[in-house]
Number of protein chains: 2
Amino acid sequence: MTAPCEATEVTGVPVAKDVRELDDIDERIVAALRREGRMPNNALADKVGIAASTCLTRLRSLIDRGVIAGFHAEVDPAWLGRPIQAMIAVRLRSDARGAITEFSDRLAGMPEVLNVYFLAGADDFHVHVAARDPEDLRSFVVDHLSSAPEVALTETNLIFEHKRGRLAE
Amino acid sequence: MTAPCEATEVTGVPVAKDVRELDDIDERIVAALRREGRMPNNALADKVGIAASTCLTRLRSLIDRGVIAGFHAEVDPAWLGRPIQAMIAVRLRSDARGAITEFSDRLAGMPEVLNVYFLAGADDFHVHVAARDPEDLRSFVVDHLSSAPEVALTETNLIFEHKRGRLAE
DNA sequence: AGTGAAAGAACCTAACC
DNA sequence: GGTTAGGTTCTTTCACT
């Protein structure tokens, strides 16, 4: 699986690859599947104007190359018994920055966690969580964050509403 | 489409509905499709231990009820020519809070925007964006946020890495 | 790379517990 | 609500361009 926009050696000098790794048809396939991930291959082929067999080859190539990392049903966490969402800013102790990857991996594996954003600013992470109730949220913050030796401080913001944007997965 | 956890009138007093709107089989269907959204109905039926036709009925019911809001291919924005991600905290002027919904709708419709989080804290929004390059990010912040009459201040944090958690869509 | 046709798999409407 | 049975549609391979 190739990473996008990696450096390519041509003349001994690293050169940024052309941003457009995807041709027009690949882009249209990706766009269609980001909107309607369960669209049948047939319909997809019609939409982008190629034969079904070609479309299938291209789809597999997109998956093999890691362009499409997976397909997911979109479910409101409230339906899963987690109606309370929050964004928690986390700042680590400066002497714990070496363990930053392990820490974020541990976070991402917790059942409350939707997203972990690893940041360049004053805060080290923003952690997007969904909790069963206020007490569940409190215990997540206190037991898994505040009391961890790596954590210097946390700041919890309730989320009233979450809108997916145009680019959203 | 019914919202989860809405109030139900039984005796004239609003009572919170049981959190478990979904039975065991529905939960297993949802869990399977959150991991593998393109899994064929047949395989899904096998996995949860019911007949394919029953499974299809349940899947449609889950979609009708709004439990499953859609299916999406997961694509790294870098492959779409947007390798730079940022989380932008936005605070509105207090006299612009009436237009808060229109404002977040406008944001969510912009091509750079992945997610808009509408918050309860000091910041009104966190806006998750992906930009083509640093200049693109700058112009998004300056042209669409800082210069908007509703906006009091913004704070942009680059995102080094974004990990999906266990609960992620 | 793209195509078309044919075999196999999945879907989906029923009739029936 | 659940299933088995069937015609219909989709997927997938392969020989060819």
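The model shown is predicted, which means the values in this text are computed figures rather than measured ones. (Residues numbered from 1 in each chain as written. Chains lettered and ligands numbered in written order. Predicted model: local features only at pLDDT ≥ 70, side-chain atom pairs only at ≥ 80, totals over all residues. Heavy atoms only, no water.)

## Notes on the UniProt feature "domain: HTH asnC-type" (unreviewed entry) in chain A
According to UniProt, the positions carrying the feature "domain: HTH asnC-type" (unreviewed entry) are residues 22-83 of chain A. The span residues 22-83 of chain A carries 53% helix and 13% strand; its end-to-end C-alpha distance comes to 39 Å. (UniProt positions renumbered as here; feature names shortened; annotations may be inferred. Helix = DSSP H or I, 4+ residues; strand = E, 2+ residues; numbered from the N terminus.)

## Re the packing of helix 2 (residues 41-48) of chain B against helix 3 (residues 52-64) of chain B
Each pair of packed helices can be described by the angle between their axes along with the distance between the axes. Residue and element names in this part refer to chain B. With their axes 8 Å apart at the nearest point, helix 2 and helix 3 run at an angle of 100° to one another. In terms of their interaxial angle, helix 2 and helix 3 are classed as roughly perpendicular. Together, N41, N42, L44 and A45 of helix 2 and A52, C55 and L56 of helix 3 make up the contact between the two elements. Residues belonging to the contact of helix 2 with helix 3 are distributed by class as follows: five nonpolar, two polar and no charged. (Axes fitted to C-alpha atoms, helices over the stretch in contact; angles between N-to-C directions. Parallel < 35°, antiparallel > 145°, perpendicular 65-115°, else oblique. Contact = heavy atoms within 4.5 Å. Nonpolar A, V, L, I, M, F, W, Y, C, P; charged D, E, K, R; others polar.)

## Considerations on the pairing of strand 7 (residues 151-164) of chain B
Two elements, strand 5 (residues 113-119) of chain A and strand 7 of chain B, share five bridges in a ladder whose sense is antiparallel. Among the inter-strand pairings, F118 of chain A is bridged to a residue of strand 7 of chain B, identified as E161 of chain B. In this sheet, strand 7 of chain B lies alongside strand 4 (residues 84-92) of chain B in antiparallel orientation, the contact comprising eight bridges. Paired with L92 of chain B across the two strands is V151 of chain B, which belongs to strand 7 of chain B. (Pairing = 2+ DSSP bridges.)

## So, the protein's contact with DNA strand D
Taken together, P40, N41, N42, S53, L56 and R60 of chain A together with I50, A51, S53, T54 and R58 of chain B make up the full set of residues near DNA strand D. Those atoms of DNA strand D that come within 4 Å of the protein belong to sugar or phosphate at a rate of 77%. T54 of chain B is positioned such that a nitrogen or oxygen atom in its side chain is 2.7 Å from a phosphate oxygen of DNA strand D. Within the side chain of R58 of chain B, one N or O atom sits 2.7 Å away from a phosphate oxygen of DNA strand D. (Near = heavy atom within 4 Å. Polar contact = N/O pair within 3.5 Å; in protein donor to acceptor, adjacent residues only side chain to side chain.)

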